Amino acid sequence: MAGDFVLLAYARTTPYPYEPQTPLSLFGLGAYLEAHGVLVAYYDERVEPWSHFNELLAQKPLAVGFSVMGGYQIIAARRLSRRARAASPESKIVWGGVLPSCLPREVMNEIDVDCIALGEAEETMRELCRGFASRRADLSGIRGLVWRDRGSIVINPKRPPPQLEQLPFAYHSPTLPLLRRYLEKPATREAVGYETSRGCPSRCGFCYSPVFHGPVRGKSLAKISRELGRLRELGVSSLDIYDDVLMGGVAADIAALCDLLKALSFTWTANLRVDLASADILNRLEDSGCRWLYFGLESNDDATLRGLGKGFSWTQVRAGLALLRDRRIGTVFSLICGLPGKDSEQGVRRSLELAEELHLSFPKAEIQIQSFVPLPGAALYSEAVAQGFRPPDGLEGWAGHDHFRVALPWLKDPALPAKAYLTSFLAYRYRRHLSGFPACLIAYPLHLLSRWRIRRQFFGCYFEKPLYALGMAVLRGWIALRFFCRDGLRAENNR
Ligand code: B12
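Residue numbers restart at each chain and count upward from 1, following the sequence in its written direction. With pLDDT at 70 or above as the cut-off, local features in this predicted model cover only qualifying residues; side-chain atom pairs require 80 or more to be listed or tallied, and sums for whole chains, interfaces and linings still use all residues.

1. Overview of unusual backbone geometry
Part 1 of the argument: Positive phi, close to 50°, is recorded for methionine 247, a residue that is not glycine.
Part 2 of the argument: Strands here mean DSSP runs of E at least two residues long; helices mean DSSP runs of H or I at least four residues long; both are numbered from the N terminus. Relative to the elements of secondary structure, methionine 247 occurs in the loop between strand S11 (238-241) and helix H10 (251-263).
Part 3 of the argument: A positive phi angle, close to 70°, is found at glutamate 298, a residue other than glycine.
Part 4 of the argument: Exposure classes come from backbone-placed C-beta atoms, where a residue is buried if 20 or more other C-beta atoms lie within 10 Å of its own, exposed if 12 or fewer do, and partly exposed in between. Here glutamate 298 falls in the buried class, since 26 other C-beta atoms lie within 10 Å of it.

Pasting the structure below:
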């Protein structure tokens, strides 16, 4: 296929070990391109040796596309992009995904990319590939594209997002060798991603989704039934459903989906809104193999919930929670703190109290106190900037701009929400991730300390963060060594 194919690549999302999930963004995009006659090759750095990337680059693809989300993936994708540029200077480099869609100018200025495809980019990428193939593309006519015109960055008008019914099944035959690699991994969690809808019925001011995805769109039950059946034939039995809210939050459709999942004996996880948790829906969820549900509860303060555009009140949350008690489904309750506003300091305190209250009522639930992380694309971003938030310096800075490290200048201790995030992990979530020996020798005392910190609301002498950073640095060194040895050996064997 030399020269006439597009290479879609997925870089590491973290330098630490974890079980990778299927890159649905690239598989779905690739399926769409292939359905329109474009040949596609796939590379996932997390499960394939570097030598394979080099082999594909040696065949001089027409374009190399990278899927990039915030965090460490920026650094990893930049590294792979540089390698692509060096190995195949004639290939066009395209970035897509949430991060370049939210920070297009920063990416164009700092990374040697030719174009960015904004938002849900199936059709944008198809038109772009057609243009590259004809070698005389008029890029100004491609909606949703960011490109350079004689040195200046041009952002073309946006493109409406696609209807999911018209998109082909993501796990089509060329992706199957890769799919097997994720399935081979010891399953610590559901490795295969699936989507039944895009967009979110909540319009939360801290989230990118309302701007990025626009209106909620779902697949028909007939399409879902075909796709789930096919996945079962391929040997997939566990799913992580990526929807912002399962089935776009339509209760009748959730019930029907449960019947499908039950009939096919899947186990699965998903995000749900707590106001959808009726007794009937929860019985069906329990019965259909649902293992984990993630709920964004955010706050027990109605004014905050209203201000966020959450679309439910604390009374509704309580009613949903009452029905969730004693279920066989694992739950993650997420709270947000550090939102801009004069009430912010108090908001953090309220989140800590609420977390402990929830823990006492639901001892098995995982509770996550998320820090507000100002991200361009979210409605609250401009307010954060108006209140003194300074955007990080360059993409390197954005890569480190996360729940662990964010500093919010409107708080007396700008790092308090980041501390609350790590502390809530150690207090209420460590068991699933760190209870094995020997990690528990360190994690268990930290867990006790974190519970104490939350009860006392005391974050003085906060040594956990440097300790965490040290632990991660050691782990990172060890992983680098293992990867080096593994890839080194494979390169030897391939000779
Ligand atoms: C699954 C997932 C993950 C998985 C990774 C997936 C994988 N393959 O391994 C895991 C769990 C590892 C993960 C991790 C993180 N994630 Co995540 N994740 C998601 C999630 C739920 C689904 C992504 C997905 O596949 N969607 C379905 C596909 C079809 O949609 P898509 O990815 O948007 O792709 C479309 C477009 O973006 C575009 N596109 C995408 N790639 C490309 C490439 C090219 C070349 C082109 C042209 C177009 C294009 O076209 C696609 C088709 O329309 C999203 C939220 C969501 N609902 O989308 C968050 C999300 C992407 N994650 C996010 C973040 C921040 C993270 C973390 C950094 C969070 C953290 N606190 O550490 C970590 C990474 C570090 C780590 N520890 O791993 C943010 C990104 C925000 C941002 N500004 O970039 C999101 C949007 C969640 C959120 N609400 O904030 N994540």
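2. Side note on the domain arrangement of the protein
Part 1 of the argument: What the domain assignment lists for the protein is domain 1 (5-155), domain 2 (171-463) and domain 3 (464-495).
Part 2 of the argument: Where each domain begins and ends is defined by an automated method or by a domain database. Summarising the inter-unit geometry, the C-alpha centres of domain 1 and domain 2 are found 28 Å apart.
Part 3 of the argument: Contact criterion: two residues are in contact if their C-beta atoms, reconstructed from the backbone, are within 7 Å. The partner domain 2 presents 29 residues to the 27 residues of domain 1 that form the contact.
Part 4 of the argument: Within the residue set of the side of domain 1 that touches domain 2, elements represented by two or more residues are helix H1 (24-35), strand S2 (39-44), helix H3 (73-87), helix H4 (98-102) and helix H5 (104-110).
Part 5 of the argument: Here the element with the most residues in the side of domain 1 that touches domain 2 is H1; it accounts for five residues.
Part 6 of the argument: Note on residue categories: nonpolar means Ala, Val, Leu, Ile, Met, Phe, Trp, Tyr, Cys or Pro, charged means Asp, Glu, Lys or Arg, and polar means any other residue, Gly included. When its residues are assigned to classes, the side of domain 1 that touches domain 2 shows 14 nonpolar, seven polar and six charged.

3. Things to note about the site of the ligand
Part 1 of the argument: If you check the shell around the ligand, you find 37 residues, and the closest are Gly65, Ser67, Gly70, Gly71 and Gly96.
Part 2 of the argument: Contributing elements (two or more residues each) for the shell around the ligand: H1, strand S3 (63-67), strand S4 (92-96), H4 and helix H6 (122-134).
Part 3 of the argument: By residue number, the principal contributor to the shell around the ligand is H1, which donates four residues.
Part 4 of the argument: No fewer than three residues from each of domain 1 (5-155) and domain 2 (171-463) sit in the shell around the ligand. For each residue, a C-beta atom is placed from the backbone, and the residue counts as near a molecule or strand when that atom lies within 6 Å of it.

4. Focus: the sheet that holds strand S15 (residues 366-371)
Part 1 of the argument: Judged by pairing direction, the sheet is parallel, and its six strands sit side by side in the order S8-S11-S12-S13-S14-S15 without closing on themselves. Both edges of this open sheet fall to strand S8 (192-194) and S15, since each of them pairs with a single strand only. Ignoring which end each strand starts from, the neighbouring axes of this sheet average 20° apart.
Part 2 of the argument: Bridge count for strand S13 (residues 290-298) against strand S14 (residues 330-337) is six bridges, and the pairing is parallel. Paired with phenylalanine 295 across the two strands is phenylalanine 333, which belongs to S14. Think of it this way: DSSP has to see at least two bridges between two strands before they count as a pair. Here an axis means a line fitted to C-alpha atoms, over the contact stretch when the element is a helix, while the angle between two N-to-C directions is reported on a 0 to 180 degree scale.

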